[in-house]
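Reading the structure
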Amino acid sequence: MAFSFEVLKTNENGARRGRLTTPHGAIETPVFMPVGTQATVKGLRQEALEELGASIILANTYHLYLRPGHELIRKLGGLHQFMSWRRAILTDSGGFQVFSLSELRKMTDEGVRFRSHLDGSEHLLTPERAAEIQLALGSDIAMVLDECIETPAPRDKAEAALKRTTAWAKRARTYFVEQASKNGDLPQWQFGIVQGATFADLRRASAEQLLELNFPGYAVGGLAVGEPHEVTCEMAAEVTALLPKDRPRYLMGVGRPEQLADYVSLGIDMMDCVLPTRAARHACLYTSEGRVLIKNARYAQDTRPIDPKCSCSVCQRYTRAYLRHLFAAQELTAAILASHHNVHFYLDIMRQIREAIEFGNLANFSSEMRARYTAGPG
Ligand SMILES: [Zn+2]
């Protein structure tokens, strides 16, 4: 089955309701992609992800390259087979993790040389290598290697990173098209990544340069890394205004529950974030009334579910008092139940957002959500 993307409906404000078709199923957009760093979404079995209705998950190239190795995964039939996940997978390029986790990074125009955070072994990640690893993993959507920099960044640094990101994108695209088209149809969709830190003109320049490479989809990278939410939105808006309307747009690494609708309003179709599972492991639960910090003593005898309005299987069965006890006793099940609920909550927000776009009332949904999250019980 070939890849395709169609926009089914666009709201006046630019929010889009679409469908991304992959060889591993169709993805209704806007979509939230749970993060499965090490070929597992922490605390959730694939059965649970299916039950939750996740249509696509993200996996980290950096981690899988270092352990167990992309060649091993290729030998075992590719990432879908290896992890027994029949739905879609997006892999990142590994760049972000090299910048944030590895030691002794050395950037050159050729690529980035780094030491593994696991055993100190030395590696060179180039745009071609990142594409090759992702082809071996066999993900549905692959990302090009980009240069990630710390934010806020001085202008000269942002300009240099942007220049390198474009040069790398060209190399990645050339390599990918050559390699991937050897056997006929492309087995993957490769997305470009717009950089440019928090400079509007650099963001526009980056988008324009990448458009020349004719990627089937575009991501906005290097945002939501500490800058104010308004700035994230402003930069994303600069980019989406330039991107072709018939291709998917992916805002990387976002966001908080009350922010998701904002990004959708800017014309974003895809998002990913570790927040629902990470917060779950830290006993922070997202509910329709706001955050519930379940370790709080006030929940010790609370026999209500985490969220009385939630339809997830955890909320159908367990009480806040029980969850609080599991966290207090440091039981593994605490993280498992909390992750299940939080991922359900995120996926359910996206279901509501898709519905709101269809009915043309996304703005109402967004302001109600924000009100609940500023006034929540905590
Ligand atoms: Zn629930």
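All of these numbers come straight from a predicted model, not from anything done at the bench. (Residues numbered from 1 in each chain as written. Predicted model: local features only at pLDDT ≥ 70, side-chain atom pairs only at ≥ 80, totals over all residues. Heavy atoms only, no water.)

**Considering the pattern of salt bridges**
Our working definition: The term salt bridge refers to a pairing of a side-chain nitrogen on Lys or Arg with a carboxyl oxygen on Asp or Glu at a separation within 4 Å. Here a helix means four or more residues in a row that DSSP labels H or I, a strand means two or more in a row labelled E, and each is numbered from the N terminus. Burial here depends on accessible area, computed with a 1.4 Å probe over protein chains only, as a share of the maximum for the residue type. Under 20% is buried, over 50% is exposed, and the range in between is partly exposed.
Taken as a whole, this structure holds 22 salt bridges when the rule is applied. Of the charged contacts in the structure, one is a salt bridge between Glu128 and Arg171, with a shortest N-O distance of 2.9 Å. Taken as a pair, Glu128 in helix α6 (residues 127-137) and Arg171 in helix α7 (residues 155-180) lie far apart in primary sequence, 43 residues in all. Among the residues examined, Glu128 registers a relative accessible area of 22% and is labelled partly exposed. Judged by its relative accessible area of 26%, Arg171 is partly exposed.

**Structural notes on the packing of aromatic side chains**
Aromatic ring pairs are described here by two measures, namely the spacing of the ring centres and the angle between the planes. Note the following rule: Here the aromatic set is Phe, Tyr and Trp, taking the six-membered ring for Trp, and pairing holds for ring centres within 6.5 Å; pairs whose planes are under 30 degrees apart are stacked, those over 60 apart are edge-to-face, and all others are tilted.
Counted under the stated rule, the structure contains nine aromatic pairs. Note on Phe3 and Trp189: the rings are 5.4 Å apart at their centroids and 20 degrees apart in plane angle, and the pair reads as stacked. Taken together, the residues span a long stretch of sequence, with Phe3 in the segment before β1 (4-10) and Trp189 in strand β11 (residues 189-194) at a distance of 186 residues. With respect to burial, Phe3 and Trp189 carry one shared label: buried. Ring centres 5.6 Å apart and planes at 40 degrees place the aromatic pair Tyr62 and Phe114 in the tilted group. Here Phe114 lies in strand β8 (residues 112-115) and Tyr62 lies in helix α2 (residues 61-66), a separation of 52 residues in the sequence.

**Details of the pairing of strand β14 (residues 270-273)**
Counted only if it meets this: Being paired, for any two strands, means DSSP has found at least two bridges between them. A clockwise course of the path from the first strand over the helix to the second, judged with the strands pointing away from the viewer, identifies a crossover as right-handed.
Here β14 shows a buried face lined by Met270 and Asp272 and a second buried face lined by Met271 and Cys273. One ladder, built from two bridges, connects strand β13 (residues 249-251) with β14; its direction is parallel. If you follow Leu251 over to β14, its bridge partner there is Met271. Remark: the β13/helix α10 (residues 260-265)/β14 crossover connection has right-handed handedness.

**Quick look at the nonpolar core**
Rules: Side-chain atoms within 4.5 Å link the members of a nonpolar core, which is a set of buried Ala, Val, Leu, Ile, Met, Phe, Trp, Tyr and Cys residues. A contact between two residues is defined here by any heavy atoms of the two lying within 4.5 Å.
Grouped together as the largest cluster of nonpolar side chains are 91 residues, with contacts concentrated most on Tyr250, Met270 and Ile353. Ranked by residues supplied to this core, first place goes to helix α13 (residues 332-359) with nine residues. Excluding its chain neighbours within four sequence positions, the residues that come into contact with Ile353 are Pro30, Leu260, Ala261, Val264, Leu362 and Phe365. Within the second largest apolar cluster, 17 residues are counted, among which are Ala283, Cys312, Val314 and Cys315.

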